[in-house]
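Observations on chain architecture
Listed here are the chains, written in short residue letters.
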Amino acid sequence: MNKLLITGFFVFCSLKCFSTCIVIYIAEDGNIYVAADSRRTFFFNDGKEKENFESICKIHNVGNNYFAIAGIDDGGLLKAATKVLQQNSNIDTAIKSFGATMVKRYTRLMTDTRIFYPDKFRHFLKDGLADVSFFDFKNGVPNVTDIEFLCYIDKNGKVATRYRVKPIYDITIIGISGDITNAKPGDLPTQATREQNPELYVEELVKIEAKMQPLAVSEPIDLLELKPNGAIWIRKNENAVSY
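Described below are features of the structure shown in this document.

Here is what the cut-offs are and how they apply
- Residues numbered from 1 in each chain as written.
- Predicted model: local features only at pLDDT ≥ 70, side-chain atom pairs only at ≥ 80, totals over all residues.
- Heavy atoms only, no water.
- Pairing = 2+ DSSP bridges.
- Helix = DSSP H or I, 4+ residues; strand = E, 2+ residues; numbered from the N terminus.
- Axes fitted to C-alpha atoms, helices over the stretch in contact; angles between N-to-C directions.
- Contact = heavy atoms within 4.5 Å.
- Buried < 20%, exposed > 50% of the residue type's maximum accessible area, 1.4 Å probe, protein only.
- Arc of directions from axis to C-beta.
- Salt bridge = Lys/Arg side-chain N within 4 Å of Asp/Glu carboxyl O.

**Thoughts on the sheet that holds strand β11 (residues 222–227)**
Read across the open sheet, the five strands follow the order β10-β1-β2-β11-β12; overall the sheet is antiparallel. Across the chains shown, the open sheet's two edge strands, defined by having one partner strand only, are β10 (171–175) and β12 (230–235). Taking each pair of neighbouring strands and ignoring which way they run, the sheet shows an average axis angle of 15 degrees. Where strand β2 (residues 32–36) lies against β11, five bridges are found, and the strand directions are antiparallel. From the neighbouring strand, I32 faces β11, where its bridge partner is L226. The sheet contacts of helix α7 (residues 198–212) involve β1 (21–26), β2, β10, β11 and β12, and relative to β1 the element is tilted by about 155 degrees.

**Looking at the sheet that holds strand β5 (residues 59–62)**
Whenever strands of a sheet pair, they do so through backbone hydrogen bonds, lying parallel or antiparallel. Here five strands make up an open sheet; going across it, the order is β5-β6-β7-β8-β9 and the pairing antiparallel. Only two strands of the sheet have a single partner each, and these edge strands are β5 and β9 (159–168). Taking each pair of neighbouring strands and ignoring which way they run, the sheet shows an average axis angle of 20 degrees. As judged from the nine bridges shared by strand β7 (residues 130–138) and strand β8 (residues 141–153), these two strands associate in the antiparallel manner. Bridged to S133 within β8 is D146. Its contacts with the sheet put helix α2 (residues 74–87) on β5, β6 (65–71), β7 and β8, and the angle it makes with β6 is roughly 160 degrees.

**Some words on helix α4 (residues 118–127)**
Among all positions of α4, only K120, F121 and F124 are buried. Looking down the long axis of α4, one finds its buried residues gathered within 105 degrees of arc, a one-sided arrangement. Seen from the buried face of α4, the exposed residues on the opposite side, beyond 90 degrees, are R122 and K126. Buried residues in α4 make contact with α3 (91–116), β8 and β9. G128 occupies a position one or two residues after α4 and carries a positive phi of about 90 degrees.

**A few points about the pattern of salt bridges**
All told, the structure shown has eight salt bridges when counted by the stated rule. In this structure, R40 and E54 form a salt bridge, with 2.7 Å as the shortest nitrogen-oxygen distance. With R40 in strand β3 (residues 39–41) and E54 in strand β4 (residues 53–55), this residue pair connects regions lying 14 residues apart in the sequence. Across the pair E203 and R235 runs a salt bridge whose closest N-O atoms are separated by 2.8 Å. One end of the pair, E203, is in helix α7; the other, R235, is in strand β12, and 32 residues separate them in sequence. Residue classification places E203 among the buried positions, given a relative accessible area of 8%.

Right, here's the structure in full:
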C-alpha cells in the first residue's frame with residue numbers, strides 16, 4: 001500500500017463524526033445534569049443511508065472527571081481526553097494539554113482532508129471541528145468547561161487549527177442546538193421542570209432536536225446526574241458500541 005493510499009485511508013477512518021445534541025446543566029440544587037443523544041453519524045456511507053450511523057454513549061469519565069464529546073474524529077478525542085486526565089490531576093492543566101494534542105492531530109488531519117476530500121474540508125471551515133465539555137466538582141463546587149476546536153486557512157494559505165476554552169456557569173449545549181434556540185416558549189420545558197426536575201429538563205431539550213433533526217439526533221438519550229460525592233446514571237444505553 002503506497003503512502004498516498006495509506007494517508008487517504010487514515011483520513012477516511014478519522015472522518016467519523018456525529019451531529020449530536022448534548023446538554024450540560026448546573027441546576028439550582030448544585031448538581032450537574034447531562035443528557036446526550038446516542039447517534040453517531042458517518043461522513044462516508046457509500047449511499048447506504050441505513051448504514052450511516054450507530055449507537056454510542058457520548059458521556060465518559062476518568063475517575064471523578066467527566067466529559068462529553070461532539071465532533072469529528074471522536075475516537076481521537078476520546079483517546080486524548082482519557083490520556084490527559086490520567087496524567088494530570090489538575091483539570092485546567094489537563095484541558096490545556098488536551099487542546100495542544102488535538103490541535104496537532106487536527107492540523108494533520110485537515111491538511112490531508114483538504115487534499116483528499118476538499119468538499120468535506122469546506123464543511124469544517126464553516127462549522128468547526130469539535131466541542132468537548134469537561135465537568136466535575138472543585139471543593140464541592142460544580143465546574144463545567146467547554147473547549148471548541150476550529151479550522152482555518154492562515155495568512156500563508158496553509159491549513160491551521162486552534163482551540164478556545166470557555167467556562168460555563170449554568171447551561172451549555174454542544175452539537176446541534178438551533179431548534180432549541182429558535183423554539184417557541186410553549187415548546188420548551190417549563191420553568192417548573194427546570195427547577196424541580198432538572199434531569200427531565202435536560203432530557204426534554206435533547207428531545208426537541210431529536211424531533212426536528214431525526215437523521216442527526218436520536219434516542220435513546222443517556223442521562224447522568226453528577227453530585228459532589230459521585231455520579232448516578234439515571235439512564236445509560238447498555239447496547240452502545242465501543243469506539
